[in-house]
Amino acid sequence: MTSGTSILTEPIATVTRSRLALPLGDPAGIGPEVVLKTLADPAATALGELTVIGSRKVLIAAYQQLRDRGLTAIADPNDIDIIDVPVTGEFAPGEGNAASGAASFTWLQAAIAATLAGRCDGVVTAPIAKSLWAAAGRVYPGQTEVLAEAAGVEKFGMLFAGRSPHSGWMLRTLLATTHIPLRRVPDVLTPELLAWKLDLLVTCLHQDFAIDRPTIAVSGLNPHSGEGGQLGTEERDWLIPLLERERRDRPHVQLIGPVPPDTLWMQPAQAWYGTLGSGARSRAADAYLALYHDQGLIPVKLLAFDCAANITIGLPFVRTSPDHGTAFDIAGRGIADPTSFKAAVRIATELVNQRRQTADALAL
Ligand SMILES: NC(=O)c1ccc[n+]([C@@H]2O[C@H](COP(=O)([O-])OP(=O)(O)OC[C@H]3O[C@@H](n4cnc5c(N)ncnc54)[C@H](O)[C@@H]3O)[C@@H](O)[C@H]2O)c1
Ligand SMILES: N[C@H](C(=O)O)[C@H](O)COP(=O)(O)O
């Protein structure tokens, strides 16, 4: 996407309208606002049948609050497609509670049910608050795990993808580990885990992005990737041997790494801003494998906070979400940026179309 064009109007190869379920997320967060702003954008509604999963009553209240603040570029809940799932509790913007957490969980479940029943091709989830799920007795690390459990899959991944408005280059970053305390990362990171995350990533690049001979850069864990064992031994003990095995087993994949974490993101940043020089080293990777949540998300959100989306890979259906959360600190003020949610809708549409093309090609 070149700068200046909308994130939604960049041409997609062939777009057949996708049918996407949009659960509202936590009603006290910015989910209702970014959904109403997205549904007011003709470039978004042109992408597919967008069905909100939530309470019409809650949405009307959010709409009225935003109108009272002078907002006009928001969809009227009476004019949109919605699967009305009434919930109990009163919700004030920015004041999430167990009731708002419970509501967001109920709406996610309804969106999954509609998708598993074949009514929708995929789900674009508005943000929830993990702590309020816990307050509501819903003990899951996040929406990803609920989706995977409902889909009956045990191997899934959190891939962040965003297309640069400066150069059109797409940053793709998979997290090997996600919502666990930092102190647990070295214990959870095993050769077995990394091998299947890598397998998911290669499959996703082929199936969802038509990249059959990908270049994947893998981050080290320790400073300077362990400096030969002097600054940590995970790279020497198992990560380097694992990558060497993977290179033998996957000749069609160029595996780079373990790259020192502090320098890994220089090339993607240059690719993002279109300042990569010419020459062999100037080709940024098709995907980056970060070993833990913030190792990957600090650069993703630094570069692409307003336009990246979170893709759950490994599911039998498409699921994306914006890269941001409930933003309770600004909820109800009408200043939430819907671009990441629009990017999530856009990327979900691209993935639905790509998977249809892949399925059609296999059926021939
Ligand atoms: N996709 C998701 O469901 C998701 C993602 C991240 C965090 N969360 C959850 O959201 C809650 C709050 O998390 P957080 O505060 O760490 O992150 P956050 O993304 O909600 O907010 C971080 C900062 O960015 C701002 N911000 C976020 N989205 C914005 C937008 N669209 N427009 C303008 N400003 C925006 C917020 O105002 C805040 O200052 C937590 O409970 C967390 O678990 C959910
Ligand atoms: N890790 C994501 C982020 O920080 O943006 C987000 O929390 C995803 O969580 P879900 O599994 O609830 O989508």
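- The protein carries the name 4-hydroxythreonine-4-phosphate dehydrogenase in an unreviewed UniProt entry, which gives Rubidibacter lacunae KORDI 51-2 as its organism.
- Turning to the protein, the UniProt annotation filed under Subcellular location (unreviewed entry) states: "Cytoplasm".
- The UniProt entry for the protein carries the following text under Pathway (unreviewed entry): "Cofactor biosynthesis; pyridoxine 5'-phosphate biosynthesis; pyridoxine 5'-phosphate from D-erythrose 4-phosphate: step 4/5."

## Quick look at the pairing of strand S6 (residues 170–175)
Stage number 1. By the criterion of burial, S6 is predominantly enclosed, with 6 of the 6 residues buried.
Stage number 2. Of the two faces of S6, the one holding Met170, Arg172 and Leu174 and the one holding Leu171, Thr173 and Leu175 are both buried throughout.
Stage number 3. Here strand S5 (residues 157–163) runs beside S6; their pairing, made up of 6 bridges, is antiparallel. Its bridge partner lying in S6, Gly162 is registered against Leu171.
Stage number 4. Two successive antiparallel strands, S5 and S6, enclose a turn made up of 6 residues, where Gly168 displays a positive phi of approximately 80°.

## A word on the site of ligand 2
Stage number 1. Among the 13 residues in the neighbourhood of ligand 2, the closest are listed as Lys130, Gln143, Thr144, His179 and Arg319.
Stage number 2. Take His179: an N or O atom from its side chain is 2.9 Å from a nitrogen atom of ligand 2.
Stage number 3. Within the backbone of Asp323, an N or O atom sits 3.0 Å from an oxygen atom of ligand 2.
Stage number 4. Its free accessible area being 350 Å², ligand 2 has 89% of it covered by the protein chains.
Stage number 5. Of all the elements in the fold, those that place two or more residues in the shell around ligand 2 are helix H6 (143–151), S5 and helix H12 (293–304).
Stage number 6. Here the shell around ligand 2 takes 3 residues from H12, the largest share from any one element.

## Re the pattern of salt bridges
Stage number 1. Tallying each qualifying case throughout the model produces 11 salt bridges.
Stage number 2. With a closest N to O distance of 2.7 Å, Lys37 and Glu33 form a salt bridge. With Lys37 and Glu33 both in helix H1 (residues 31–39) and 4 residues apart, this pair spans about one turn of that helix.
Stage number 3. Classification of Lys37 as buried rests on a relative accessible area of 13%.
Stage number 4. With a relative accessible area of 3%, Glu33 lands in the buried category.
Stage number 5. One salt bridge in this structure joins Arg250 and Asp199, with 2.8 Å as the shortest N-O distance.

## Here's the deal with unusual backbone geometry
Stage number 1. The omega angle of the peptide bond from Gly257 to Pro258 is 5°, so this bond is cis rather than trans.
Stage number 2. With respect to the helices and strands, Pro258 occurs in strand S8 (residues 254–259).
Stage number 3. Of note, His224 is a non-glycine position whose phi angle comes to about 55°, a positive value.
Stage number 4. Among the structural elements, His224 can be located in the loop between strand S7 (215–219) and helix H9 (234–249).
Stage number 5. Accessibility expressed as a relative area gives 45% for His224, which makes it partly exposed.

## Observations regarding the site of ligand 1
Stage number 1. As a structural note, the neighbourhood of ligand 1 is formed by 17 residues, with His324, Gly325, Ala327, Asp329 and Asp337 the closest of them.
Stage number 2. The contact in question runs from an oxygen atom of ligand 1 to an N or O atom on the backbone of Ile128, over 3.4 Å.
Stage number 3. One nitrogen or oxygen atom from the main chain of Asp337 is found 2.8 Å from a nitrogen atom belonging to ligand 1.
Stage number 4. Isolated, ligand 1 exposes 810 Å² of accessible area, and the fraction of that covered by the protein chains is 66%.
Stage number 5. When the residues that make up the shell around ligand 1 are grouped by side-chain class, the tally is 9 nonpolar, 5 polar and 3 charged.

## Thoughts on H9
Stage number 1. Taking 1.5 Å of rise per residue, the 16 residues of H9 would be expected to cover 22 Å, and the 21 Å separating its terminal C-alpha atoms lies within 8% of that figure.
Stage number 2. If you check which residues of H9 are buried, you get Glu235, Trp238, Leu239, Leu242, Leu243 and Glu246.

## Description of the sheet that holds strand S2 (residues 48–54)
Stage number 1. An order of S3-S2-S1-S4-S11-S10-S5-S6-S9-S7-S8 is seen for the 11 strands of this open sheet, with the pairing classed as mixed. Strand pairing shows two members of the sheet lacking a second neighbour, strand S3 (82–84) and S8, which therefore form its edges. The sheet shows a mean angle of 25° between the axes of neighbouring strands, direction not considered.
Stage number 2. Pairing of S7 with strand S9 (residues 287–290), which is carried by 3 bridges, proceeds in the parallel orientation. Bridging from a neighbouring strand, Val218 pairs with Leu289 of S9.
Stage number 3. Taken strand by strand, helix H8 (residues 191–209) contacts S5, S6, S7, S8, S9 and strand S10 (308–313), and its axis lies near 150° from that of S6.
Stage number 4. Here H9 sits on the sheet in contact with S7 and S8, set at roughly 170° to S8.

Scoring rules and cut-offs
- Residues numbered from 1 in each chain as written.
- Chains lettered and ligands numbered in written order.
- Predicted model: local features only at pLDDT ≥ 70, side-chain atom pairs only at ≥ 80, totals over all residues.
- Heavy atoms only, no water.
- UniProt positions renumbered as here; feature names shortened; annotations may be inferred.
- Buried < 20%, exposed > 50% of the residue type's maximum accessible area, 1.4 Å probe, protein only.
- Helix = DSSP H or I, 4+ residues; strand = E, 2+ residues; numbered from the N terminus.
- Pairing = 2+ DSSP bridges.
- Near = heavy atom within 4 Å.
- Polar contact = N/O pair within 3.5 Å; in protein donor to acceptor, adjacent residues only side chain to side chain.
- Areas by Shrake-Rupley, 256 points an atom, 1.4 Å probe, with all protein chains shown as cover.
- Salt bridge = Lys/Arg side-chain N within 4 Å of Asp/Glu carboxyl O.
- Nonpolar A, V, L, I, M, F, W, Y, C, P; charged D, E, K, R; others polar.
- Expected span 1.5 Å × (residues − 1).
- Axes fitted to C-alpha atoms, helices over the stretch in contact; angles between N-to-C directions.
- Contact = heavy atoms within 4.5 Å.

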